[in-house]
Amino acid sequence: MYVCLCHAVTDTQIKEAVSQGDISLADVKKRLGVGSQCGKCTRMASQIIQRQLDIE
Ligand code: FES
């Protein structure tokens, strides 16, 4: 599903970014642009990052 509509980023892409070493919203923002426009996706993106970090 799309998490960041401004940059068309999906939850799968965010999970992949964590798998590739991103450990924070700032990292994912740098890699994918998540949260760098309207900012409405940051809460959801943070939750996905945290969940993925807990799994890995
Ligand atoms: Fe992610 Fe707007 S939805 S920056």
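All values derive from a computational prediction rather than experimental measurement.

## Looking at the packing of helix α1 (residues 11-19) against helix α3 (residues 42-55)
For any two helices packed against each other, the geometry is given by the interaxial angle and the distance between the axes. Running from N to C, α1 and α3 cross one another at 45°; their axes reach a closest spacing of 9 Å. With respect to each other, α1 and α3 are oriented oblique. Note that α1 runs across α3; the crossing there is right-handed. On α3, the residues touching Asp-11, Ile-14, Lys-15, Val-18 and Ser-19 of α1 are Ala-45, Ile-48, Ile-49, Gln-52 and Leu-53. Its residues placed into classes, the contact of α1 with α3 shows six nonpolar, two polar and two charged.

## Quick word on unusual backbone geometry
Phi at Ala-8 takes a positive value of approximately 50°, unusual for a residue other than glycine. Checked against the element boundaries, Ala-8 lands in the loop between β1 (2-4) and β2 (9-10). Note on Ala-8: relative accessible area 43%, which makes it partly exposed.

## Notes on the pattern of salt bridges
Summed over all chains, the structure comprises two salt bridges. Across the salt bridge formed by Lys-15 and Asp-11, the nearest N and O atoms sit 3.8 Å from each other. Of this pair, Lys-15 and Asp-11 both sit in helix α1, separated by four residues, roughly a single helical turn. The class of Asp-11 is buried, set by a relative accessible area of 14%. Notably, a salt bridge pairs Asp-22 with Arg-31, separated by 2.8 Å at the nearest N-O pair. Classification of Arg-31 as partly exposed rests on a relative accessible area of 39%.

## Some points on the nonpolar core
Residues Val-3, Cys-4, Val-9, Ile-14, Ala-17, Val-18, Val-28, Val-34, Cys-41, Ala-45, Ile-48 and Ile-49 constitute the largest nonpolar core, which totals 12 residues. Of all elements in the fold, only β1, α1 and α3 reach the threshold of two or more residues within this core.

## Structural notes on α1
Three or more residues of α1 are buried, namely Asp-11, Ile-14, Ala-17 and Val-18. Buried residues of α1 fall within an arc of 120° about the axis and therefore sit on the same side. Those residues of α1 that are buried lie in contact with β1, β2, α2 (25-32) and α3. Phi turns positive one or two residues past the end of α1, at Gly-21, with a value near 115°.

What counts and what doesn't
- Residues numbered from 1 in each chain as written.
- Predicted model: local features only at pLDDT ≥ 70, side-chain atom pairs only at ≥ 80, totals over all residues.
- Heavy atoms only, no water.
- Axes fitted to C-alpha atoms, helices over the stretch in contact; angles between N-to-C directions.
- Helix = DSSP H or I, 4+ residues; strand = E, 2+ residues; numbered from the N terminus.
- Parallel < 35°, antiparallel > 145°, perpendicular 65-115°, else oblique.
- Left-handed = near helix turned anticlockwise from the far one by under 90°.
- Contact = heavy atoms within 4.5 Å.
- Nonpolar A, V, L, I, M, F, W, Y, C, P; charged D, E, K, R; others polar.
- Buried < 20%, exposed > 50% of the residue type's maximum accessible area, 1.4 Å probe, protein only.
- Salt bridge = Lys/Arg side-chain N within 4 Å of Asp/Glu carboxyl O.
- Core = buried A, V, L, I, M, F, W, Y, C linked by side-chain atoms within 4.5 Å.
- Arc of directions from axis to C-beta.

Treat this as a map of the structure, not an account of what it does.
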